[in-house]
Amino acid sequence: MNTFNAEDTLIIVGIVAAYILFTTWLTWRLRSKSSGDFMEGSRAMPALVVGILLMSEYIGAKSTVGTAQAAFEDGFAASWSVIGAAIGFPLFGFLLVKRIYSTGKITISGAIAEKYGNTTKNIISVIMIYALLLVNVGNYVSGAAAIATILKVNLPVAAFITAIVSTFYFSFGGMKGLAWVTMLHSGLKYLGIIAIMSFALYKTGGFTPMIEQMPSYYWTWDGHIGASTIVAWLIGTIGSIFCTQFVIQAISSTKDVRSAKRATWVAFFFCLPIGLAIAVIGVAAKYLHPEINSLYAMPIFLQDMNPWMAGMVTTSLVASIFVSVSTVALAIASLVVKDFYVPYRKPTPEQEFRATRWLSLIIGFLPLIFVLLVPEVLKLSFFTRAIRLSISVVAVIAFYAPFFKSARGANAGLIGACVATSVWYLLGDPFGINNMYIALVTPAIIMAIDHLIPNRQEHKSHQRVEQRGV
């Protein structure tokens, strides 16, 4: 493994710095100038752009570095972590896009509140903010690992650099500016991952030496991960797509339902090949550098490239980092503003826009507090998907099971699932049961039990409505 000298490092840093300066200027030029631009791009985004935004939400720094880390440890089967997203987007388009789009809401909490009311909306918002903040903790760790490898700085410093640049992107760009800059980020990210995979296969001499010399489980469909965990991944990834705030927000930025559905297929065709490529990179890193920390399975290849190629690939990873952090932070800002600030303060559009910018600064830097506490990125990633899955269960019940109309049951199911899933995750998934299954069944069980218990308050409310009607 090579190490870069001062001149090589200067070339790489120069390429990355030039890219950051250019995209910063572009973000400023395309910046959102109103709350409508910031939150939903004024509902004018083409399906191609929105599809790439959706793909970038699920194949960002956390998925690229985290999936490569999992492939390093457990084999090619880690690719299921991304394949699940590829499967989930068309299913989301088929089952929920029309129903959510027709509500006119840009938050999942707002859409579900159409049936269960404001208390349920607030509970969903709090749970989603909790999950998305943890998502960005994982994004910061993944991104910092790549930046620290090249710049020779420690993980906290690299995470701080990530926070500064990403916060500028989303706090000024909003949905409008972020969408177009993300097109550039995503194109470069795609090229970078393909370049790393090609370089990795060149160093290994292709697939044959790895297949012949590595343990057989590295090339089986379930690896050391196991069928149960893979099924949990698929359930969690697909379920989280159904309710993740940025996905709802991106879908809402299209001009109509047909464009929104087309965007989900664009995301499918972009997700599938890149997921396979990332897994190949992780396995190749294990074959060539078995002694390294698995977190560096992807960025380790940068050390062996010439500085110009390493600069391009590093820039692609940096782009991936900024996209991931920015889209998640934008989603958090939208939830805080639309579900809490606007209902309680009733601001003018100018006040709302100004408050959104200030809140964005806090949201961008808050995950830095927890960066050093996250050793395994992919496990954290799927825990956050489990939390969001529980919201999806309630959403599907709300849209497809009208006889479950108790807000009390929905609220108890949401809170119970969040607490149970978090405790199960912290206990290390007892009895070998993945926390994803806890998130899947808990809200449904609680809502079913509630359905069997008479709800006097809601019955009285229904009677009052009938009396007013008479």
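Residues numbered from 1 in each chain as written. Predicted model: local features only at pLDDT ≥ 70, side-chain atom pairs only at ≥ 80, totals over all residues. Heavy atoms only, no water.

The name that an unreviewed UniProt entry assigns to the protein is Sodium:solute symporter family protein, with the source organism given as Pantoea piersonii. We quote the UniProt Sequence similarities (unreviewed entry) comment for the protein here in full: "Belongs to the sodium:solute symporter (SSF) (TC 2.A.21) family." (UniProt positions renumbered as here; feature names shortened; annotations may be inferred.)

(A) Here's a closer look at the side chain of Ser-125. Mapped onto the elements of the fold, Ser-125 is located in helix 8 (residues 118-151). Looking at Ser-125, the relative accessible area reads 0%, which means it is buried. Beyond its immediate chain neighbours, meaning those up to four positions away, Ser-125 contacts Ser-109, Leu-335, Asp-339 and Phe-340. (Helix = DSSP H or I, 4+ residues; strand = E, 2+ residues; numbered from the N terminus. Buried < 20%, exposed > 50% of the residue type's maximum accessible area, 1.4 Å probe, protein only. Contact = heavy atoms within 4.5 Å.)

(B) Structural view of the pattern of salt bridges. Enumeration according to the criterion identifies two salt bridges in this entry. Residue Lys-338 is joined to Glu-352 by a salt bridge in which the shortest nitrogen-to-oxygen separation is 3.1 Å. Separated by 14 residues along the polypeptide, Lys-338 in helix 14 (residues 307-345) and Glu-352 in helix 15 (residues 349-365) bring together distant segments of the chain. According to the relative accessible area criterion, Lys-338 is partly exposed, its value standing at 28%. Across the pair Arg-408 and Asp-450 runs a salt bridge whose closest N-O atoms are separated by 2.5 Å. Of the two residues, Arg-408 is situated in helix 17 (residues 407-426) and Asp-450 in helix 18 (residues 435-452); the sequence distance between them amounts to 42 residues. Exposure remark for Asp-450: the relative accessible area of 9% places this residue in the buried category. (Salt bridge = Lys/Arg side-chain N within 4 Å of Asp/Glu carboxyl O.)

(C) Representation of the packing of aromatic side chains in the model. As enumerated under the stated definition, the model contains 12 aromatic pairs in all. On the basis of an interplanar angle of 40° and a centroid distance of 6.4 Å, the ring pair of Phe-199 and Tyr-202 is categorised as tilted. Linking Phe-199 with Tyr-202, this pair stays in helix 9 (residues 155-204), spanning three residues, or about one helical turn. Seen from their ring centres, Trp-265 and Phe-269 are 6.3 Å apart, and the 35° between their planes marks the pair as tilted. Linking Trp-265 with Phe-269, this pair stays in helix 13 (residues 257-288), spanning four residues, or about one helical turn. Joined through ring pairs, the aromatic side chains of Phe-76, Phe-207 and Trp-219 make up one cluster. (Phe/Tyr/Trp six-rings, centres within 6.5 Å; stacked < 30°, edge-to-face > 60°.)

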